[in-house]
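Working through the structure, step by step
The chain contents come next:
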Amino acid sequence: MTQPGPTAFLMVVRPYVLTTEQYKAFEKFLKIFGEEIYKHLIIIFTRPKETSENCRKIPEQLRNILCKCNNNLIYFDNHLKGIERDKQVKNLLELIDKEICKKADTFKHTFYEEAERIITNSHNYLRLLYNKDTPEENDNATNREIDQGKGLMLKILLRSFAKIFKAENFNVTTKPFRPISITDYELRIIMFGLSGSGKSATGNTILNDRKFKSCFSSSETIHTCKRGTKERFGIILQVIDTPDIIELSDGDCDRELRKCVGLTAPGPHAILFVVQAGRFTQNNEKTISKLETYFGHEMWNYFFLIFSHGDEIQQKHGSLETFVKKAPSNLNQILIKCQRRCIAFNNKSEKLNERQVQDLITKIRDIILQNATDHFRNERYDLAENAMKEREENLMQDTNNVLLHGKHPREKVRDELNSYDSEASKLLSRRTLHCR
Ligand SMILES: Nc1nc2c(ncn2[C@@H]2O[C@H](COP(=O)(O)OP(=O)(O)OP(=O)(O)O)[C@@H](O)[C@H]2O)c(=O)[nH]1
Ligand SMILES: [Mg+2]
């Protein structure tokens, strides 16, 4: 909340008293923020009436701190009222101006630089997640959530700070910090479903682009996962279109699901199961149960039913609610398992496009805020993410960035997964081998 960096740190203590706990807390603070804080530190003694009785025995540690912060010391009597009270604040501001603003540089620190960068970079992301129109409203929403100790921004900040703590063991000022990966700023969505259910058409609706071939003829059916990406509403959307997995042999199915995991590592924000409205067959149940075996029960927290042919729902049933109310029992079971997260997509209507996709993104935002981690993950995904990172590192070292052609290394590694004998595919397969 104090990014891009505070002007002053105030250490509030009773006159000339520093308890062991207070000193320990200060040491921790010092360890995190470094010696630089002394130039911005002001000691505030509250309860000035206690001054005379305590000042004879100043603890050595407090004397040291005072000495290092250039004896920036001020008294605050919090019982004063009116003009006297205001005068204290004026004195403090004058001291800050004279001893800190005029003498010290702006306080810089990895945490603050990182927080500043995250907040600046994620404005668009937040605009969408918080649905606010202006940057000011976003700031307010962000600050409010950080203040209340919750929200996505806080999660991103904490995760990023945890990385710094872990990687650098508090010695943060000396080493450059690793930039946050693009995976922190995108929404990753996987689509599954039977052949002809409308996956590719739904993917195109989400991206508002013909990234996937969608056709009545089964000759356009894909046999391998395809990735479509696009920035929409100021956010990077990664959408994975998949083949009908029950039509694949066991070996091919394994290979495709592994590729899908690599493409959506460190984990998808949403798993969409696309069904043509009114056609929930046994094969749909079979596919879902295969997915549950592969991803585990946690998948339900990220699972959405997407009813394609929304135009037919409209014509035959009037609304999605009425359609869902009349759902057969096998479909109803799935609706219960995914907490009734379902959306109708009319992939033939340009007019409805924005509203449908925004509805989906709002629902994804709700699960991000509600779930403990902001995307689906499990051991398989953790291993895949390690493999993806390892390959990114190799690429950056091997090629000195030449082969990247200005592409983010993660995007390059994802491209590599299209070919099964690429380094990325082989590494992914080796690293996730025991997760069968
Ligand atoms: N009327 C209508 N037709 C749709 C809608 N969504 C998809 N379709 C049609 O359904 C057919 C199949 O859609 P696809 O998107 O190709 O289906 P798919 O799931 O990708 O199929 P495979 O790639 O074979 O697995 C196409 O002819 C689409 O035009 C919709 O909302 N309304
Ligand atoms: Mg398709």
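Since we're looking at a predicted model, the values are computed, not measured.

1. Structural notes on the overall build of the protein
- Assigned secondary structure in the protein consists of 18 helices and nine strands.
- A total of 436 residues make up the protein; the buried ones form 48% of that total.
- A separation threshold of at least 6 residues defines the contact pool for the protein, and within that pool the share at least 24 residues apart is 74%.
- Carbon together with sulfur atoms contributes 50% to the accessible area of the protein, which is approximately 22,900 Å² in total.

2. Remarks on the pattern of salt bridges
- Following the criterion strictly, the structure yields 19 salt bridges and no others.
- With its nearest N and O atoms 4.0 Å apart, the salt bridge here joins Asp-209 to Lys-211.
- Taking the relative accessible area as the measure of exposure, Asp-209 reaches 31% and is therefore partly exposed.
- According to the relative accessible area criterion, Lys-211 is partly exposed, its value standing at 40%.
- As a salt-bridge pair, Glu-390 and Arg-431 come within 2.8 Å of each other at their nearest N and O atoms. Here Glu-390 is found in helix α16 (residues 379-399), whereas its partner Arg-431 is found in helix α18 (residues 423-431), with 41 residues between them in sequence.
- The class of Glu-390 is partly exposed, set by a relative accessible area of 28%.

3. Focus on the packing of helix α10 (residues 250-264) against helix α11 (residues 282-295)
- Where α10 meets α11, the closest approach of the two axes is 12 Å, and the angle between their N-to-C directions is 60°. Overall, the two elements α10 and α11 adopt an arrangement that is oblique. With respect to the hand of their crossing, α10 and α11 are arranged in right-handed fashion. Each of Asp-250, Cys-253, Leu-257, Arg-258 and Val-261 in α10 lies in contact with α11, whose residues at this interface are Lys-290, Leu-291, Tyr-294 and Phe-295.
- Partitioned by chemical class, the residues of the contact of α10 with α11 number six nonpolar, no polar and three charged.

4. Remarks on the site of ligand 1
- Ser-195, Gly-196, Lys-199, Ser-200 and Asn-347 are the nearest of the 20 residues found near ligand 1.
- One of the backbone nitrogen or oxygen atoms of Gly-196 is found 2.8 Å away from an oxygen atom of ligand 1.
- The side chain of Lys-199 places a nitrogen or oxygen atom 2.7 Å from an oxygen atom of ligand 1.
- The fraction of the free accessible surface of ligand 1 (650 Å²) that becomes covered by protein chains is 89%.
- Of all the elements, helix α9 (residues 199-207) adds the most residues to the shell around ligand 1, at three residues.
- Classifying every residue of the shell around ligand 1 by side-chain character gives six nonpolar, 11 polar and three charged.

Calculation notes
- Residues numbered from 1 in each chain as written.
- Chains lettered and ligands numbered in written order.
- Predicted model: local features only at pLDDT ≥ 70, side-chain atom pairs only at ≥ 80, totals over all residues.
- Heavy atoms only, no water.
- Helix = DSSP H or I, 4+ residues; strand = E, 2+ residues; numbered from the N terminus.
- Buried < 20%, exposed > 50% of the residue type's maximum accessible area, 1.4 Å probe, protein only.
- Contact = heavy atoms within 4.5 Å.
- Areas by Shrake-Rupley, 256 points an atom, 1.4 Å probe, with all protein chains shown as cover.
- Salt bridge = Lys/Arg side-chain N within 4 Å of Asp/Glu carboxyl O.
- Axes fitted to C-alpha atoms, helices over the stretch in contact; angles between N-to-C directions.
- Parallel < 35°, antiparallel > 145°, perpendicular 65-115°, else oblique.
- Left-handed = near helix turned anticlockwise from the far one by under 90°.
- Nonpolar A, V, L, I, M, F, W, Y, C, P; charged D, E, K, R; others polar.
- Near = heavy atom within 4 Å.
- Polar contact = N/O pair within 3.5 Å; in protein donor to acceptor, adjacent residues only side chain to side chain.

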